Amino acid sequence: MNSKIPEGLLDDKWSGYKGHVKLVNPANKRKIEIIIVGTGLAGASAAAALGELGYKVKAFCFQDSPRRAHSIAAQGGINAAKNYQNDGDSVFRLFYDTIKGGDYRAREANVHRLAEVSVNIIDQCVAQGVPFAREYGGLLSNRSFGGTQVQRTFYAAGQTGQQLLIGAYQALERQVALGNVKMYSRHEMLDVVVIDGKARGIIARDLISGELERHFGHAVLLCTGGYGNVFYLSTNAMGSNVTAAWKAHKKGAYFGNPCFTQIHPTCIPVSGDHQSKLTLMSESLRNDGRIWVPKKQNDTRKPNEIPEDERDYYLERRYPAFGNLVPRDVASRAAKERCDAGYGVGSSKQAVYLDYASAIERYGKIECSKHGIENPTAEEIRHHGMEVVKEKYGNLFDMYAKITGENPYEVPMRIYPAVHYTMGGLWVDYELMTTVPGLYALGEANFSDHGANRLGASALMQGLADGYFVIPYTIGNYLADEIRTAEIPTTHPAFEEAEKAVADRISKLKNINGSQTVESFHKRLGKIMWDKCGMARNEAGLKTAIEEIQQLKKEFWSDVKIPGEIKEMNPELDKANRVADFIELGELMCIDALNRKESCGGHFREEMQTEDGEAKRDDDNFCFVSAWELKGDSNWELHKEPLIFDVAHPSQRSYK
């Protein structure tokens, strides 16, 4: 592994790299084909940017439109070090917060580059017409997010992801109209074609007809999101999967930090065994909401019946400097600890309250003052305060009301942690290239920027940074040496072998003719993963999980039932392909978690904690990226990329 981190001071690495990187001239760009798999924020922005530069781009998405990408579900905002609030923000502070938030398990050079280009992302999106919230005077508004003490999060109500994706989609569709990008919707990548050690194309399945297709490219970019659905219940769209990344892993791409998954602290709690998905309530709600539980164990009173002095605002009590704005892993573990100790609320007792009464009152008083209302009544204060909250978070409150049947303006929301994002992914170097030359991974599909825990509002930042501002430079460094490579015909033996392998696997799956549904296997895998490799893990549990997953894999390949035919639209067959990959990934995640004998970020080993229950890192033995190479069935070799900190020197994280 060569991370290709440029020489020089941290502040100068990216500008120095751009000044010396190889370029491809415009005439040669028109001869080069690039395949992009996935059209969320990373994929759509990369396709738009590379199409604009003149490359011939083929973009694939398994949805019916790029606008259905899961990026659309992001709610709270996007970080950028603009310092519009004049509250002390800077590129360095964003860099430092991100490194610290990830518990010093991310690569310094990549994170600093992310902080640098963050300021350009906002300008790009404003130019596209993204309707960011604005202050009264017209300036872009910012709000707070977890893990920071400044306001740097730009937002569009509670639908920031949707608005950013529409902006990227517009840019993408412009390139489609100009003929620079060709869109393949309802297509799923099922293998990478490697010729002479380089990625040269993909095998895709047309999800409508069931036919397999071969596509050539001088380079392949995977922008396929994360693998949170390995847990079955997660905030991810139900179609989100690991298949594209896993196929790349099987073709030689190392998998980085697979056990680093993020638990989001503000999700609507599980309501029963019938559920197949969880709903996220944006972290931006922690900006104004206060989180609490009753001080009395097993308290059955309604929240509005519990007086103020009998409420435990436990985040404010334990972490006074950051309060409700501690990072996600800290907030999640604290909620679990309170519930496990018997202070949980709701029928399941697996929830805590997120209360907006104080925010409504605070905003109401400010608005009354603005309107010149002296000595306002409680009702006047409440009316004006609710109007402000509706403007900021209205669609989130409406969503909660529809799902739970409760009015969050009247009673506190009930929330509990749930699987959300994955910091692990394909290992990439500074140029976002995997260990397979010509194969890149962008956005959540790679491991690079978030360490062991992602700060809120940084996913959108990374996706757009990789697509708009990083890959257009770094891919040229590779393609400059490929301009003499002619288009390789898809009749090449490597294409034929790859297609045959995909067809044989699909046929094998379809012909099992067992008795158990794909969904039942996925649900069982998810329970193993959540119970033994979820918010808390220990050695005995992880060893048991590995054995259980290996047994589940044998059972899956001998008893799964898939109705329908291969050469037709068959969602069950698509799902079976994905669940088979999830089972293999689950085993690797548990192996990685077992190997990492430390607690860091969202990865909490019960054997490794401080006296007050916080994560206890082991920098002497585990200050590295785990990069796993597949050697055979249930057989991986660990490669270690040492993490060297020249600027943000590791220290015990404290948000107190």
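What counts, and where the lines are drawn
Residues numbered from 1 in each chain as written. Predicted model: local features only at pLDDT ≥ 70, side-chain atom pairs only at ≥ 80, totals over all residues. Heavy atoms only, no water. Helix = DSSP H or I, 4+ residues; strand = E, 2+ residues; numbered from the N terminus. Buried < 20%, exposed > 50% of the residue type's maximum accessible area, 1.4 Å probe, protein only. Areas by Shrake-Rupley, 256 points an atom, 1.4 Å probe, with all protein chains shown as cover. Phe/Tyr/Trp six-rings, centres within 6.5 Å; stacked < 30°, edge-to-face > 60°. Lys NZ or Arg CZ within 6 Å of the ring centre and 35° of its normal. Domains from an automatic or database assignment. Contact = heavy atoms within 4.5 Å. Buried area = accessible area lost by both parts, 1.4 Å probe. Salt bridge = Lys/Arg side-chain N within 4 Å of Asp/Glu carboxyl O. Core = buried A, V, L, I, M, F, W, Y, C linked by side-chain atoms within 4.5 Å. Axes fitted to C-alpha atoms, helices over the stretch in contact; angles between N-to-C directions. Parallel < 35°, antiparallel > 145°, perpendicular 65-115°, else oblique. Left-handed = near helix turned anticlockwise from the far one by under 90°. Pairing = 2+ DSSP bridges.

### As for the overall build of the protein
No. 1: The secondary structure content of the protein amounts to 18 helices and 21 strands.
No. 2: Across its three principal directions, the C-alpha atoms of the protein cover 80 × 55 × 50 Å.
No. 3: Split into buried and exposed, the 656 residues of the protein put 60% on the buried side.
No. 4: For the protein, the computed accessible surface area is about 24900 Å², with 49% contributed by carbon and sulfur atoms.

### Some points on the packing of aromatic side chains
No. 1: The final tally for this structure, using the stated rule, is 25 aromatic pairs.
No. 2: Pairing phenylalanine 556 with tryptophan 557 gives two aromatic rings, centres 5.8 Å apart and planes at 80°, and the pair type is edge-to-face.
No. 3: Through a chain of ring-to-ring contacts, three or more aromatic side chains come together here, namely Trp14, Tyr17, Tyr430 and Tyr473.
No. 4: For arginine 290, the ring lying beneath its charged end belongs to tyrosine 313, and the centroid distance is 3.8 Å.

### Looking at helix α10 (residues 328-343)
No. 1: Counting buried positions over the 16 residues of α10 gives 12, a clear majority of the element.
No. 2: Of all the residues in α10, the buried ones are Arg328, Asp329, Val330, Ala331, Ser332, Arg333, Ala334, Ala335, Arg338, Cys339, Gly342 and Tyr343.

### Side note on the domain arrangement of the protein
No. 1: In terms of domain boundaries, the protein breaks down into domain 1 (264-419) and domain 2 (492-618).
No. 2: When each unit is reduced to the centre of its C-alpha atoms, the spacing between domain 1 and domain 2 is 34 Å.
No. 3: If you look at the interface, domain 1 gives 10 residues, while domain 2 gives 10 residues.
No. 4: Counting the surface lost from both domain 1 and domain 2, the interface buries some 810 Å², and carbon and sulfur atoms represent 57% of this.
No. 5: When residues of domain 1 are sorted by the area they lose upon contact with domain 2, Asp329, Arg333 and Lys336 head the list and together hold 51% of the total.
No. 6: On inspection of domain 1 and its partner domain 2, the count reaches 1 salt bridge.
No. 7: As a salt-bridge pair, glutamate 614 and arginine 318 come within 3.3 Å of each other at their nearest N and O atoms.

### A few points about the pattern of salt bridges
No. 1: Here the structure, examined in full by the defined rule, presents 59 salt bridges.
No. 2: Residues glutamate 598 and arginine 105 are paired through a salt bridge, measuring 3.0 Å at the closest nitrogen-oxygen approach. On the criterion of sequence distance, the pair formed by glutamate 598 in the loop between α17 (571-595) and α18 (619-622) and arginine 105 in the loop between α4 (91-101) and α5 (108-128) is long-range, its members being 493 residues apart. Take glutamate 598 and arginine 105: they sit in the same class, and that class is buried.
No. 3: Here arginine 105 and aspartate 619 are joined by a salt bridge, their closest N and O atoms 2.9 Å apart. Note that arginine 105 is positioned in the loop between α4 and α5 and aspartate 619 in helix α18, a separation of 514 residues in sequence.
No. 4: Each of Asp103, Arg105, Asp329, Arg333, Arg596, Glu598, Arg617, Asp619 and Arg653 takes part in a single network of salt bridges with overlapping partners.

### Let's talk about the nonpolar core
No. 1: Counting 151 residues, the largest nonpolar core has Ile78, Leu221, Tyr440 and Ile475 as the members making the most contacts within it.
No. 2: Looking at this core, the element that brings in the most residues is α17, giving 12 residues.
No. 3: Grouped together as the second largest cluster of nonpolar side chains are 34 residues, Leu285, Ala335, Tyr416 and Tyr655 included.

### What to know about the packing of helix α16 (residues 539-559) against α17
Between two packed helices, what matters for the description is the angle formed by their axes and the separation of those axes.
No. 1: Direction vectors running N to C along α16 and α17 enclose 160°, while the axes themselves pass 9 Å from each other. In terms of orientation, α16 and α17 fall into the roughly antiparallel class. Crossing hand, α16 versus α17: left-handed. Contacts between α16 and α17 involve Glu539, Leu542, Lys543, Ala545, Ile546, Ile549, Gln550, Leu552, Lys553, Phe556 and Trp557 on the former and, on the latter, Ala576, Val579, Ala580, Ile583, Glu584, Gly586, Glu587, Cys590, Ile591, Ala593 and Leu594.

### Topic: the sheet that holds strand β8 (residues 212-216)
By definition, the strands of a sheet pair up through backbone hydrogen bonds, in either a parallel or an antiparallel sense.
No. 1: Taken in spatial order, the 3 strands make up an open sheet running β6-β7-β8, and their pairing is antiparallel. Looking at the sheet topology across the chains shown, the edges are occupied by β6 (187-195) and β8. Within this sheet the neighbouring strands show an average axis-to-axis angle of 25°, counted without direction.
No. 2: Bridge count for strand β7 (residues 198-206) against β8 is 5 bridges, and the pairing is antiparallel. Paired with isoleucine 203 across the bridge in β8 is arginine 214.

### A short note on the environment of isoleucine 5
No. 1: Within the secondary structure, isoleucine 5 is located in the segment before α1 (13-20).
No. 2: For isoleucine 5, a relative accessible area of 32% puts it in the partly exposed group.
No. 3: Spatially, the C-alpha atom of isoleucine 5 lies 8.5 Å from that of asparagine 110, the residues being 105 residues apart in sequence.
No. 4: Sequence-distant contacts of isoleucine 5, that is, excluding residues within four places in its chain, are made with Lys13, Arg107, Ala109 and Tyr430.

### Structural notes on the sheet that holds strand β17 (residues 439-441)
No. 1: Read from one edge of the open sheet, 5 strands run β5-β2-β1-β9-β17, paired in parallel fashion. Of all the strands in the sheet, just β5 (181-185) and β17 have a single pairing partner and so form its edges. The sheet shows a mean angle of 20° between the axes of neighbouring strands, direction not considered.
No. 2: Sheet analysis places strand β1 (residues 33-37) next to strand β2 (residues 56-61), joined by 5 bridges and oriented parallel. Bridge pairing links isoleucine 36 to alanine 59 in β2.

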